[in-house]
Amino acid sequence: MTREPRRTIAQHADDALALVRPTPTADLPLEDAVGAVLAADVVSTLDAPAFDASAMDGYAVRSADVAGVATGSPVVLRVVGDVAAGAPELDAPLGPGEAVRIMTGAPVPRGGDVVVPVERTSTGRFTPGAAGSGPATVEIHDATRSNVRARGEDVRRGDVVVEAGVVLTARHVSVAASAGHATVRVHRAPRVAVLSTGSELVAPGTAPGPGRIPDSNSVLLAASARAAGARVVRRGAVGDTAPALVAALDDLLAAFDGALPDLLVSTGGVSAGAFDVVREVLDPATRAGTAWEGAVDDARLVAVGMQPGKPQGIARWRGVPWLALPGNPVSAFVSFELFVRPVLDRLRGVPGTGRSLVGRVAGEGWSSPSGREQLVLVRHTAPDGGQVVPAGRHRGPGSDPAGARGSGSHRVSALAHADALAVVGADVTAVEPGDAVRVLLLD
Ligand SMILES: Nc1nc2c(c(=O)[nH]1)N[C@H]1C(S)=C(S)[C@@H](COP(=O)(O)OP(=O)(O)OC[C@H]3O[C@@H](n4cnc5c(N)ncnc54)[C@H](O)[C@@H]3O)O[C@H]1N2
Ligand code: MOO
């Protein structure tokens, strides 16, 4: 067997990122683009507001005519017309002593520069459905606010209103609509094929039988990738034989309507066991002379200086990037967060590299392996943050994340209990209560 090179988390993450490039771009209708990453700035084709618009239902007037209102002198103006939202601007400018009935969002006539809300006039209120009718004159009671929204005061034609690289939400696509667009240019959703290996695995919901357990990792990885914007095909529980794995990988290459996936993600079978089938397929010593020897390129089985998640595989299967994660559920989760998520982000066009760590304080101590970075599922002790403690249903002696009984990478309950992932430096052997810790906040 080939000796494993030792890599840091950062080095392995870089190796994984180097496998992929952003997906091609296409124009998508606005509603279909939510969740995708914007590939080109959205530039407004319109001014917003598009014209000087009324902010109130009321009367458009000339400020010169209503200057006396503030000093208590009554002002009576002639009502010369109506302008509703959606109507073109009136042809004639507003003359001295004139007012027009105007509705919210309607263009203010030339010459008019103040809109007096109807309730601040002698009219009191307009009657719905009675457009165009009303008293021939109006007395203005208050004209302290202009209530005119100036053309272009929010957005000017040519302004960038949404920047490339954002994960589009409903808010962003509504702004694109306001800016005159029906479509936006986005990166195609990454196509991700997920499979889990292990003859002990049964489909979720199936009674396991002796020695067998539910396949939770393929659910974890498929759901995580989908939530990260990918189109996912999941293949659960491939048995621990090389031909079964080879057949499953080839099936997955054809699972996206004839298009190749952008990424294969597997769990299990990468460590030192006699049935570690991913290792068997990737290791040059065991794949030499097999029918699938030529399918594997750039394969590396590495020991990453981390706990959990040490054994990792990376390769191309018939040219398709493949990240082979370890099988322990917490190891699979941590591996997704540290290696798969950044790859998905690069595929879907997110600029930069990932989420930043935030500072917290340990509410309890725990031990940490020397020479390896430690990833610990933790939970905040109060909703407002501050202290974190290791997560998991059965805590207390024996639940130390790096204690005598191993890293706890089998403790699935912690996945549901945690709200953050603490990252402890490789040189730290014990975290004491009150120590500063860096955490990734989990969604
Ligand atoms: N002699 C050594 N043994 C092990 C080493 C080592 O360095 N030397 N590394 C350990 C570490 S660390 C890890 S992590 C695991 C990784 O092993 P594999 O990737 O080969 O994973 P498996 O052996 O297939 O499974 C490990 C464990 O996880 C359970 N599992 C697997 N797949 C799933 C799934 N889809 N859903 C739920 N649970 C799953 C599996 O039943 C095992 O209990 O190796 C250590 N051993
Ligand atoms: O690295 Mo293993 O992932 O410690 O359990």
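Just so we're clear, the structure is a prediction, and the values are computed from it rather than from any experiment.

Parameters and conventions
- Residues numbered from 1 in each chain as written.
- Chains lettered and ligands numbered in written order.
- Predicted model: local features only at pLDDT ≥ 70, side-chain atom pairs only at ≥ 80, totals over all residues.
- Heavy atoms only, no water.
- Helix = DSSP H or I, 4+ residues; strand = E, 2+ residues; numbered from the N terminus.
- Buried < 20%, exposed > 50% of the residue type's maximum accessible area, 1.4 Å probe, protein only.
- Contact = heavy atoms within 4.5 Å.
- Areas by Shrake-Rupley, 256 points an atom, 1.4 Å probe, with all protein chains shown as cover.
- Lys, Arg positive; Asp, Glu negative; His and termini not counted.
- Charge placed at Lys NZ, Arg CZ, Asp CG, Glu CD.
- Expected span 1.5 Å × (residues − 1).
- Arc of directions from axis to C-beta.
- Core = buried A, V, L, I, M, F, W, Y, C linked by side-chain atoms within 4.5 Å.
- Domains from an automatic or database assignment.
- Near = heavy atom within 4 Å.
- Polar contact = N/O pair within 3.5 Å; in protein donor to acceptor, adjacent residues only side chain to side chain.
- Nonpolar A, V, L, I, M, F, W, Y, C, P; charged D, E, K, R; others polar.
- Buried area = accessible area lost by both parts, 1.4 Å probe.
- Phe/Tyr/Trp six-rings, centres within 6.5 Å; stacked < 30°, edge-to-face > 60°.
- Pairing = 2+ DSSP bridges.
- Axes fitted to C-alpha atoms, helices over the stretch in contact; angles between N-to-C directions.
- Salt bridge = Lys/Arg side-chain N within 4 Å of Asp/Glu carboxyl O.

Before going further, it helps to spend a moment on the overall build of the protein. Scanning the protein from terminus to terminus reveals nine helices and 28 strands. A burial count over the protein gives 44% of its 443 residues as buried. The contacts in the protein between residues at least 6 apart in sequence include a share of 71% that link residues at least 24 apart. When the accessible surface of the protein is split by element, carbon and sulfur atoms take 53% of a total near 20,700 Å². Distance between charge centroids for the protein: 4 Å, based on 42 positive and 47 negative side chains.

What follows covers helix α5 (residues 242-253). Since the α-helix advances by 3.6 residues per turn, residues separated by three or four positions end up pointing in the same direction. Taking 1.5 Å of rise per residue, the twelve residues of α5 would be expected to cover 16 Å, and the 17 Å separating its terminal C-alpha atoms lies within 8% of that figure. Of all the positions in α5, only Ala242, Leu245, Val246, Ala248, Leu249, Leu252 and Leu253 are classed as buried. Axial view of α5: buried residues confined to an arc of 165°, hence all on one face. The secondary structure elements touched by the buried residues of α5 are β13 (191-197), β16 (231-238), β17 (263-267), α6 (277-282), β20 (311-317) and β21 (320-325).

Before going further, it helps to examine the nonpolar core. By size, the foremost hydrophobic cluster in this structure holds 43 residues, and its most contacted members are Val192, Leu263, Leu323, Leu344 and Leu377. Ranked by the residues each element gives to this core, the list is headed by helix α8 (residues 329-347), at eleven residues. Each of two domains, domain 1 (9-24 + 188-348) and domain 4 (357-441), supplies a minimum of three residues to this core. Contacts of Leu377, omitting those with residues within four sequence positions, involve Val330, Phe333, Val389, Pro390, Ala391, Ala414, Leu415, Ala418, Ala420, Leu421 and Leu442. Membership of the second largest hydrophobic core comes to 26 residues, among which are Ala193, Leu264, Leu282 and Trp292.

Surveying the vicinity of ligand 1 reveals 23 residues, the closest of which are Glu200, Asp215, Val270, Ser271 and Gly327. Gly269 places a main-chain nitrogen or oxygen 3.1 Å from an oxygen atom of ligand 1. The separation between an oxygen atom of ligand 1 and a polar side-chain atom of Asp276 is 3.1 Å. About the coverage of ligand 1: the protein hides 68% of its 860 Å² of free accessible area. If you list the elements that add at least two residues to the shell around ligand 1, you get β13, β15 (213-214) and α8. Partitioned by chemical class, the residues of the shell around ligand 1 number eight nonpolar, eleven polar and four charged.

Around ligand 2 sit eight residues, and of these Pro308, Gly309, Lys310, Ser331 and Ser409 come closest. A distance of 3.3 Å separates an oxygen atom of ligand 2 from a polar side-chain atom of Asn328. Residue Ser331 places a side-chain N or O atom 2.4 Å away from an oxygen atom belonging to ligand 2.

This part is about the domain arrangement of the protein. How big an interface is tends to be stated in terms of the accessible area lost upon association of its parts. Domains assigned within the protein are domain 1 (9-24 + 188-348), domain 2 (28-47 + 155-187), domain 3 (53-149) and domain 4 (357-441). The C-alpha centroid of domain 4 is placed 26 Å from the C-alpha centroid of domain 1. Summing both partners gives a buried area of about 1,400 Å² for domain 1 against domain 4, and 67% of it is carried by carbon and sulfur. Put simply, domain 1 and domain 4 have four residue pairs in polar contact (both at pLDDT 80 or more) between them. At the level of elements, β19 (306-307) and α8 are the ones that each hand at least two residues to the side of domain 1 that touches domain 4. Here the element with the most residues in the side of domain 1 that touches domain 4 is α8; it accounts for six residues. By residue class, the composition of the side of domain 1 that touches domain 4 is eight nonpolar, four polar and one charged.

This model, assessed by the stated rule, comprises two aromatic pairs. Ring geometry for Tyr59 and Phe126: centres 5.6 Å apart, planes at 55°, overall tilted. Here Tyr59, found in strand β5 (residues 58-61), pairs with Phe126, found in the loop between β8 (114-117) and β9 (137-140); they are 67 residues apart in sequence, far enough to count as distant.

Next up on the list: the sheet that holds strand β6 (residues 75-83). Taken together, the five strands give an open sheet; going across it, the order is β8-β5-β7-β6-β9, and neighbouring strands pair in mixed fashion. Among the strands making up the open sheet, the edge pair consists of β8 and β9. Going across the sheet, the axis of each strand differs from the next one's by a mean of 40°, ignoring polarity.

Before going further, it helps to examine the pattern of salt bridges. With the rule as written, the count across this model stands at 16 salt bridges. A salt bridge links Asp345 to Arg348; its shortest N-O distance comes to 3.3 Å. In this structure, Asp345 and Arg348 share a single accessibility class: buried. A single salt-bridge network, built from bridges that share partners, covers Arg7, Asp15 and Arg300.

On to the environment of Val20, then. As for its placement among the helices and strands, Val20 is situated in the loop between α1 (9-17) and β2 (25-29). Residue Val20 is classed as buried on the basis of its relative accessible area of 4%. Considered as a pair, Val20 and Leu263 are 243 residues apart in the sequence and their alpha carbons are 8.4 Å apart.

Glancing now at the sheet that holds β17. Spatially, β1-β18-β20-β21-β17-β13-β16 is the arrangement adopted by the seven strands of the open sheet, whose pairing is mixed. Only two strands of the sheet have a single neighbouring strand rather than two, namely β1 (6-7) and β16. Pairing of β13 with β17, which is carried by five bridges, proceeds in the parallel orientation. Bridge assignment links Val194 to a residue of β17, and that residue is Val265. Packing of helix α4 (residues 217-227) onto the sheet brings it into contact with β13, β16, β17 and β21, and relative to β16 it is tilted by some 175°. Relative to the sheet, α8 contacts β13, β17, β18 (296-304), β20 and β21, its axis offset from that of β21 by approximately 160°.

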